[in-house]
Amino acid sequence: MKRRLSIGLAVVLVLAVVAVIVWGRSGSDEASSGGGDLTVVRGVIGSEKQAFFTDQRVVDAFAKHGLKVEVDTAGSRQIATTVDLAKYEFAFPSSSPAAQKIQRDRKVTTVYTPFQSPMAIATFEPIVSLLSAAGAVHKGAGDYQVLDIAKYLQLTQAGTRWDQLPGNTAYPVRKNILVTTTDPRESNSAAMYLSIVSFVANGNNVVSTPDQEAKVLPQVSKLFLDQGYTQNSTEGPFEDYLSAGMGKTPLALIYESQYVDRLVRHDGSIQPDMRMLYTAPTVYSKHTLVPFSPNGDKVGQLLSTDPELGKIAATFGFRTTNPQQFRDVVAAAKAPVPADLVDTVEPPSFETLERMLDAIQKQY
């Protein structure tokens with residue numbers, strides 16, 4: 001009898017221990033996922049913001065406000081034209097023209113621009129020296145250097161090769177001087193590049209009429225077509241720049257945030273001879289959130305006003321609504337990045353950009 005009682009007690013004890021373990025695991029899982037009382041908010045975003053939204057610090061920050069934000073990614077152009085936005089409570093493209101189209105189509109009155117990033121050029125010190133000697137790189141308005149787009153267009157229009165630059169012993173290759181971009185048919189960064197070069201080709205005026213489009217297209221189309229194969233995401237040429245070096249990618253169009261993100265990480269990917277130039281002029285890629293519901297609106301408000309989310313965004317290299325957050329991050333990382341940029345222009349309207357992009361697409 002005592003033996004049976006002992007066995008019974010042992011079984012009960014084992015079951016109790018198992019129950020505690022299972023309960024503890026389920027409680028832990030629930031806590032890590034934000035709990036069952038969180039409101040799920042779904043949005044579609046530009047792919048360059050995916051790492052930010054999936055960062056555990058960001059997940060936790062939204063959870064403090066009762067939200068669990070789930071995102072899908074797409075190109076800004078696709079978000080504005082082909083993505084079924086009925087499935088989402090907010091859209092968060094990387095360009096203001098795309099956001100303006102979404103805002104008009106969905107009849108939304110309020111939008112948020114919680115962070116932005118200027119377009120820049122990732123390059124190397126020998127390339128900077130060569131282009132400086134050729135008059136295409138010079139000091140900017142602050143303590144930084146710029147690629148003079150007017151001088152650059154003169155070189156590209158003449159079909160100048162690297163080995164034709166006087167005194168070039170650092171990079172004497174038989175390739176045309178071209179900035180490596182993404183595919184203009186797919187990528188927002190390429191559309192921002194088109195905004196920059198079309199502005200300069202149009203006599204330093206934003207392209208706004210079909211006549212102006214026709215005037216600049218022959219020159220700016222070559223900047224894309226002469227590259228050959230181009231990748232769909234800005235991560236592609238930037239990773240080539242980091243891993244393959246100057247031989248493959250002497251000049252890569254990037255978002256400033258990509259370069260700053262690597263500097264802040266201190267992961268060794270930015271080597272001593274690597275440099276970042278700004279284009280003169282440049283364009284800010286303005287990450288603009290368009291809400292479709294009260295919860296989508298809450299996401300936009302939090303990204304724009306919550307100090308914790310702003311600080312995290314700055315660590316990803318984004319310039320936030322509070323400029324001091326970005327300044328603090330680059331200062332702590334000892335990153336040689338200017339606090340402000342002066343020589344900036346606005347992109348054309350979404351419709352103008354679309355017409356120019358379509359015209360370039362037909363030439364591929």
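Structure's up top.
> Tell me about the side chain of Asp-261, and name the residues and values.
Within the element layout of this structure, Asp-261 appears in helix 11 (residues 256-265). Those residues in contact with Asp-261 that lie beyond four places of it in its chain are Thr-315, Phe-316 and Gly-317.

> For the layout of surface pockets, give the residues involved together with the corresponding values.
Estimated volume of the largest pocket: approximately 470 Å³. Contributing to the lining of the largest pocket are 28 residues, with Ser-47, Glu-48, Ser-233, Glu-235 and Gln-258 lying nearest its centre. The biggest single contributor to the lining of the largest pocket is helix 11, with 5 residues. Residues belonging to the lining of the largest pocket are distributed by class as follows: 6 nonpolar, 16 polar and 6 charged. The space that makes up the second largest pocket amounts to roughly 380 Å³. In terms of lining residues, the second largest pocket is bounded by 17 residues, among which Lys-175, Thr-180, Gln-227, Tyr-229 and Lys-248 are the most central.

> Explain the environment of Gln-231 to me, using residue names and the numbers behind them.
Examined against the element boundaries, Gln-231 turns out to sit in the loop between helix 9 (210-225) and helix 10 (235-244). Classification of Gln-231 by relative accessible area gives partly exposed; the value is 26%. Sequence-wise, Gln-231 and Pro-184 are 47 residues apart; in three dimensions their C-alpha atoms are separated by 9.3 Å. Ignoring anything within four residues of it in the chain, the contact list for Gln-231 reads Thr-182, Asp-183, Gly-236, Pro-237 and Asp-240.

> So what's going on with the packing of aromatic side chains? Which residues, and what values?
Aromatic ring pairs: the centre-centre distance and the angle between the two ring planes describe each pair. Applying the stated criterion to the full structure yields 12 aromatic pairs. Summarising the aromatic geometry, the rings of Phe-53 and Phe-92 are spaced 6.1 Å apart at their centres and angled 85° between planes, so their arrangement reads as edge-to-face. Of this pair, Phe-53 sits in helix 2 (residues 50-54) while Phe-92 sits in strand 3 (residues 90-92), placing them 39 residues apart in sequence. Judged by its relative accessible area of 4%, Phe-53 falls in the buried class. Ring centres of Trp-162 and Tyr-171 lie 5.4 Å apart, and the angle between their planes is 85°; on these two criteria the pair is classed as edge-to-face. Note on Trp-162: relative accessible area 1%, which makes it buried. Accessibility expressed as a relative area gives 4% for Tyr-171, which makes it buried. Connected via pairs of aromatic rings, a cluster forms that spans Phe-52, Phe-53, Phe-62, Phe-92, Phe-115, Phe-316 and Phe-318. A cation over a ring is seen here: Lys-49 above Phe-92, with NZ or CZ 4.5 Å from the ring centre. Across from the ring centre of Phe-292, 4.1 Å away, lies the NZ or CZ of Arg-106, which sits over that ring.

> Summarise the pattern of salt bridges; cite the residues concerned and give the values.
This model, assessed by the stated rule, comprises 21 salt bridges. Note that Glu-48 is salt-bridged to Lys-49, the shortest N-O span being 3.0 Å. Its relative accessible area of 0% is what places Lys-49 among the buried residues. In this structure, Glu-354 and Arg-77 form a salt bridge, with 2.6 Å as the shortest nitrogen-oxygen distance. Here the residue Glu-354 occupies a position in helix 15 (residues 350-361), and Arg-77 occupies one in helix 4 (residues 76-81), the gap between them amounting to 277 residues. For Glu-354, a relative accessible area of 15% puts it in the buried group.

> I'd like a rundown of the packing of helix 8 (residues 188-201) against helix 9, residues and numbers included.
With their axes 10 Å apart at the nearest point, helix 8 and helix 9 run at an angle of 135° to one another. Classified by the interaxial angle, the pair formed by helix 8 and helix 9 is oblique. For helix 8 against helix 9, the interelement crossing comes out right-handed. The segment helix 8 lies against helix 9, with Ala-190, Tyr-193, Leu-194, Val-197, Ser-198 and Ala-201 engaging Lys-215, Val-216, Gln-219, Val-220, Leu-223 and Phe-224. Across the contact of helix 8 with helix 9, the residue classes tally to 9 nonpolar, 2 polar and 1 charged.

> Requested: an account of the side chain of Thr-249, with residues and values cited.
By secondary structure assignment, the location of Thr-249 is in the loop between helix 10 and strand 7 (252-255). For Thr-249, the residues in contact, after removing those within four places along its chain, are Phe-124, Thr-180, Pro-237, Asp-240 and Tyr-241.

> How would you explain helix 11 if you had to name every residue and give the values?
With 8 of 10 residues buried, helix 11 lies mostly within the body of the structure. Considered for burial, the residues of helix 11 that qualify are Glu-256, Ser-257, Gln-258, Tyr-259, Val-260, Asp-261, Arg-262 and Leu-263. Just past helix 11, the residue His-266 takes up positive phi, approximately 55°.

Calculation notes
Residues numbered from 1 in each chain as written. Predicted model: local features only at pLDDT ≥ 70, side-chain atom pairs only at ≥ 80, totals over all residues. Heavy atoms only, no water. Helix = DSSP H or I, 4+ residues; strand = E, 2+ residues; numbered from the N terminus. Contact = heavy atoms within 4.5 Å. 1 Å grid on protein atoms, 1.4 Å probe; cavity = no way out; pocket = protein on both sides within 12 Å on 5 of 7 lines; lining within 4 Å. Points joined across faces, edges and corners; volume = space filled by probe spheres on them. Nonpolar A, V, L, I, M, F, W, Y, C, P; charged D, E, K, R; others polar. Buried < 20%, exposed > 50% of the residue type's maximum accessible area, 1.4 Å probe, protein only. Phe/Tyr/Trp six-rings, centres within 6.5 Å; stacked < 30°, edge-to-face > 60°. Lys NZ or Arg CZ within 6 Å of the ring centre and 35° of its normal. Salt bridge = Lys/Arg side-chain N within 4 Å of Asp/Glu carboxyl O. Axes fitted to C-alpha atoms, helices over the stretch in contact; angles between N-to-C directions. Parallel < 35°, antiparallel > 145°, perpendicular 65-115°, else oblique. Left-handed = near helix turned anticlockwise from the far one by under 90°.

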